[in-house]
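Structural description and commentary
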Amino acid sequence: MRFERRDHRPLALVIATPLIAVAVALTLAGGLIALAGAPVFEAFGKIVTGAFGSRLALTETLARAIPLTLTGLAAAVAFRARLWNIGAEGQLYLGAITVAGVSAHLLGGLPGFVQIPLLLICGAAAGMVLLLIPLWLRLRFQVDEVVTTLLLNFVAILFVSMLIDGVLKDPMAFGWPQSVPVTSEAMLPKLVARSRLHWGLVLALVLAVAVHLVQSRTAFGLQSRAAGLNPAGAVFAGVPLGRTLVLVAMISGGLAGLAGAVEVVGVMSYVTTELSSGYGYSGIVVAMLANLHPLGVVLAALFTAAMFVGADAMGRSMNVPSYIADVTVALSLLSMLVAIFFTQYRIRR
Amino acid sequence: MSENVLNIANVSKRFGTTLANDDISLTLAKGEIVALLGENGAGKTTLMSILFGHYTPDSGEITAFGQPLPPGKPKAAIRAGIGMVHQHFSLAPNLTVLENVMTGTESLWRPASNARGARAKLMAISDRFGLKVDPDARLGDLSVGEQQRVEILKALYNDARILVLDEPTAVLTNIEAEGMFRTLKDMAAQGLSLIFISHKLDEVMATAHRIVVLRGGRMVAERRAEATSKAELAELMVGRAVHRPRREAATPGEVVLEAEGLTLRQGGVERLKSISFRLRAGEVLGIIGVSGNGQAPLAGVLGGTLRRSGGDLRLFGQPVGHLSVAEVIEAGIGRIPEDRNHQGVIGEMAIWENAILERLPRFARRGLVDRKAGLGFARRIIDGFDVRGGSPSSRVRLLSGGNMQKLILGRNLIEHPKILIAAQPARGLDEGAVAAVHERILEARRAGAAVLLISEDLDEVMALADRIQAIVGGRLSPPVSADTANARQLGLMMAGEWDESMKGAADAV
Amino acid sequence: MSALFDILASAGLWAAVLRIATPLILGTLGALLCERSGVLNLGIEGIMTFGAMIGWLAVWHGADLWTGLAVAALSGAVFGLLHAGLTVTLGLSQHVSGLGVTLFASSFSYYLFRLIVPIEGTPPKIIPFQPLNLPGLSDLPFIGPAFFTQTAPTYLAILLALLMAWVIFRTPLGLAIRMSGENPHAAEAQGINPMTVRYGAVTAGSALMAMGGAFLTLSAFDSFIPTMVQGRGWICIALVVFASWRPGRALLGALLFAFFDAFQLRLQTMLTGAVPYQIFLMTPYILSIAALAVMARRARVPQALMQPYRRGER
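Here goes a summary of the coordinates provided.

The rules we used
- Residues numbered from 1 in each chain as written.
- Chains lettered and ligands numbered in written order.
- Predicted model: local features only at pLDDT ≥ 70, side-chain atom pairs only at ≥ 80, totals over all residues.
- Helix = DSSP H or I, 4+ residues; strand = E, 2+ residues; numbered from the N terminus.
- Rg over C-alpha atoms; globule rule 2.2 N^0.38 Å.
- Buried ≥ 20, exposed ≤ 12 C-beta atoms within 10 Å, placed from the backbone.
- Contact = placed C-beta atoms within 7 Å.
- Nonpolar A, V, L, I, M, F, W, Y, C, P; charged D, E, K, R; others polar.
- Pairing = 2+ DSSP bridges.
- Core = buried A, V, L, I, M, F, W, Y, C linked by C-beta atoms within 7 Å.
- Axes fitted to C-alpha atoms, helices over the stretch in contact; angles between N-to-C directions.
- Parallel < 35°, antiparallel > 145°, perpendicular 65-115°, else oblique.

1. Quick look at the overall build of chain C
- Each helix and strand counted, chain C has 13 helices and zero strands in total.
- Overall, chain C shows an N-to-C arrangement of helices and strands of α-α-α-α-α-α-α-α-α-α-α-α-α.
- Here the C-alpha radius of gyration of chain C, 20 Å, is about what a compact globule of 314 residues would show, namely 20 Å.
- Projected onto its principal axes, the C-alpha positions of chain C cover 65 × 45 × 40 Å.
- Every one of the 314 residues in chain C was classed for burial, and the buried ones make up 57%.
- In chain C, of all internal contacts separated by at least 6 residues, the share reaching a separation of at least 24 is 79%.

2. Here we look at the overall build of chain A
- The secondary structure content of chain A amounts to 13 helices and two strands.
- In terms of overall size, chain A behaves like a compact globule, its C-alpha atoms giving a radius of gyration of 21 Å where 349 residues would be expected to give roughly 20 Å.
- Overall, chain A is about 70 × 60 × 30 Å in size when its C-alpha atoms are taken along their principal axes.
- When burial is assessed residue by residue, chain A has 58% of its 349 residues classed as buried.
- Of the contacts formed within chain A by residues at least 6 apart in sequence, a portion of 78% connects residues at least 24 apart.

3. A closer look at the interface of chain B and chain A
- Between chain B and chain A, the residue contacts involve 25 residues of the former and 17 residues of the latter.
- Looking at the side of chain B that touches chain A, the elements that each hand over two or more residues are α10 (325-330), α11 (340-344) and β18 (368-369) of chain B.
- Its residues assigned to classes, the side of chain B that touches chain A shows 13 nonpolar, nine polar and three charged.

4. Brief notes about the interface of chain A and chain C
- Facing the 36 residues of chain A at the interface are 34 residues of chain C.
- Listed by contribution, the elements that provide at least two residues to the side of chain A that touches chain C are α5 (112-141), α6 (145-165), α11 (279-289) and α13 (324-344) of chain A.
- If you tally residues by element for the side of chain A that touches chain C, the top one is α6(A), at twelve residues.
- Residue composition of the side of chain A that touches chain C, by class: 30 nonpolar, four polar and two charged.

5. Some thoughts on the sheet that holds strand β15 (residues 318-319) of chain B
- One open sheet accounts for four strands, arranged β12-β11-β14-β15 (chain B); its pairing is antiparallel. Strands at the two margins of the open sheet, each flanked by one partner only, are β12 (269-280) and β15 of chain B.

6. Quick look at the nonpolar core
- Core analysis: the biggest nonpolar cluster contains 394 residues, and A:Val265, B:Val164, B:Leu453 and C:Leu239 have the highest contact counts within it.
- Looking at this core, the element that brings in the most residues is helix α10 (residues 194-220) of chain C, giving 15 residues.
- The contact partners of C:Leu239, leaving out residues within four places of it in the chain, are C:Leu24, C:Thr28, C:Ala250, C:Gly253, C:Ala254 and C:Phe257.

7. Topic: the packing of helix α7 (residues 200-217) of chain A against helix α8 (residues 219-229) of chain A
All names here are of chain A.
- Between α7 and α8, whose axes approach to 5 Å, the crossing angle comes to 75 degrees. The angle between α7 and α8 places the two elements in the roughly perpendicular class. The segment α7 lies against α8, with Val214, Gln215, Ser216 and Arg217 engaging Phe220, Gly221 and Arg225.
- Here the residues of the contact of α7 with α8 are counted per class, giving two nonpolar, three polar and two charged.

Purely geometric stuff here, so don't read any function into it on its own.
This is how it looks when you write it as structure tokens:
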């Protein structure tokens, strides 16, 4: 049995790939649900209704999709240039705490329409800086950025925890430590009243389109794609590899930092160490499910958010641990990898 | 010569749509040296890879020493007494010579390697065949010639009685090659049977007892060496009267590119040592040398991907500092890279994207890529340079080697460059593509471009170049005029033997 | 200053060093074995987590401690097989496949754990490995309590490090593994199947990783908490580079690292209030990054690491 490289990738197969991957993941997840002793189809039904079945569910799913879209974009942009940014989780937290600190101590008095964009920029900048450190280590010392971005996640979260315990502590909160909140002017208005869904959704969608346009229409997009596909060929053609990677890192880190910033000004208003339920890591799965395509990221984020929200609801009413969502998402990644392989290779006897 | 030790019968092998080997039969007698001759893509390496078990044939049988050979397993081939010296060495630079040789020779269940016994056996073989090595040297520290010796010793260590050598002199100087063939003849005299793959007619005629010619996957002829001629072999290889373009007489113009004392230091090693040359408009300056002597660093410095450490460079009479790739292209310099797959193109990107990537400023307005202009540019290259196998938006990976090279040439020549730096432009191409590439280079020369041709192929350089300099160990010999030079002299230059007093003489030509 | 000396002079510090080092030794050895054959296994964090969970679960259900360790090793081998299938047979990106295995193994371990063990105030405990009393050695003054009051798995880990050093550098099997990681085509040309070798190395390496995780729940502590591995897997990956892919140096590197960790823990209790505890907790990760920066360029990386081997493609 041999694998032979395909010359052409049939479009139907390419579109079907994520769907097949998700189907396989859901089937395996069904097995795990059965292991829990719960009726499988009823459980899936509860997941769907939990994600989409009511106004509350729908807004919750969309709200959850916002940070996932942003971290998904962050991963997609980086991976396309073969920059392995696994540090979105830490970049997210750093963006969040920067926003809280800046709003509470610096810009608090400014009106919303001035303050919010500034805060978002600050959050993005924090994420950028965190990713530029591993990139510098790669360019200067040839250190693989996978491990350094991963290790910095822990450092960043500890750093945030330190600030929340100390300088940025909210003196009025009792119980769990949390940061000072952003001022009320700095909160994003809601898209749907009495829900958690805010204008961050529009921002995320706009950014997805923007990233797509940059990647497909600009010279920078062409160069970063070349750098990811064949660095030696890109260098020969005069693509400034270092400069291109720096720009890619700024965009990727910025998007991840933005994810944290948006969570603060859109939903939470303050920062705790529980702000993110693994959005940074899930963003990688989102990016892979979307085959690194920015517009696909939106759909993949929606699916992933639905999984999490639905499984939460299902887990509360049936006796299935809500970790089933994490398992399903992880399985989707693995089956997506295999599915991508079969779009590129066919089996030959 | 006596009984047959090897019998290859009706072997065929298909890769996708290509029939690489078509019903080939071949025998080898004890103590015989057979040369497998053919141009690139004729199927020689495929056939030998099948023999050694790297590939499984679709049909056919192989018998070695009277026993049928189980296909597709290198282990079986080794056990049957067949050894292979690969063109791209099957060696690990990070391991020592002894470790490279010992790999796979002991049972994996042994709790401890018998290094002492292995070392003794290796040194005995080394002495017997006159192939000197240091068993504890790290392989990556050895010269190419020494590494090849290890590759051969590996096969002999496994008690090979049939030895297959794939292009054994591709990376050797003339002197080293002569030594290699003396060793091979000595081995044959000691009872080994040898097959070597080559496309160099001189060495085939001088060393082989029998010559088998492959063309298009088929065996087209078999000759005894004394009963044939270079001309006949060349024609058999290509299938028609061979005609490679030759330059016609021309008078060169003024100096457009001049290097004086160029040096390059990379990772603590002097890659280029005081390189000097003068390149004139309307001429081809050939830089001849065995690969690995500084060609890639030289092309890199001139092409903008490497920064020189010292020395002067004058472009159209003006001194220049380090030029980036964009500046090099802007200045009207075209570059043909040595490795077209890794450097020349981005395989997964479209033809039009590959066509414009190195000249993006021309095809991008305010940062946005002008897709329509790019497609048009690619279309003009495809039409003007006979690039077959794809449209402007199809992926470059699908093109054959020859068509890829035509694309690379085309995207440079369509802009009428004043200078063309071509590194190994015809490497790995079949005769038809080689002729096309050479014709384009001569066309550029006729149009007044200055061409720096870096090549390891003596025939190519002698046919195309007006003046020739040899590159050895990062140094450049003084130029000689191609009209007066002969193969013997050039061979000596390639081995580093030249007369420093010749400097300046041919520059005045 | 005398306070620092007090820390160094306490046998408790050195005992802690060996205890903290054990999961790092096992994890690093496991990662090293995978990488020597040419495969980067980023599933380590998840495999260690799952190993911690399943080993503990087995003992909680009545198995003895060594069986628990064996169950963990087996589970690691299974995940290793998965990773090998994706990266060796299919030749998928070793980065993404490894991350996928980590995400899957950790989330699967949490799911199983939550399914079987009900949520209570304090997590349930088992009786972990007890310190092994080595007659004569354990009674020596200072050296006894410092170095010879460890549990059996710790001594096992050290022995495994020495064993692996022997295997990799002195046996034909080790040479086959190294050749598969340096030039798989050369291995194939010498009659070795690099794919089989890689499967074996990744499976065995992953078993070691899982054992490292199980040490946390069966020896160092006595219960399983979902986030207990805390990035140790990534630290092991950094330590492999720091050790230049040599088992002996991996042992030393893990000990050195554990020393800094044990030291900073004791420093923490001394300096509470003055320095936030988070700073101390950060040091292991920052040290790992620094170790990488120092060694990455100098270390002789196996040349075929991360390159999928496809038969017949040269």
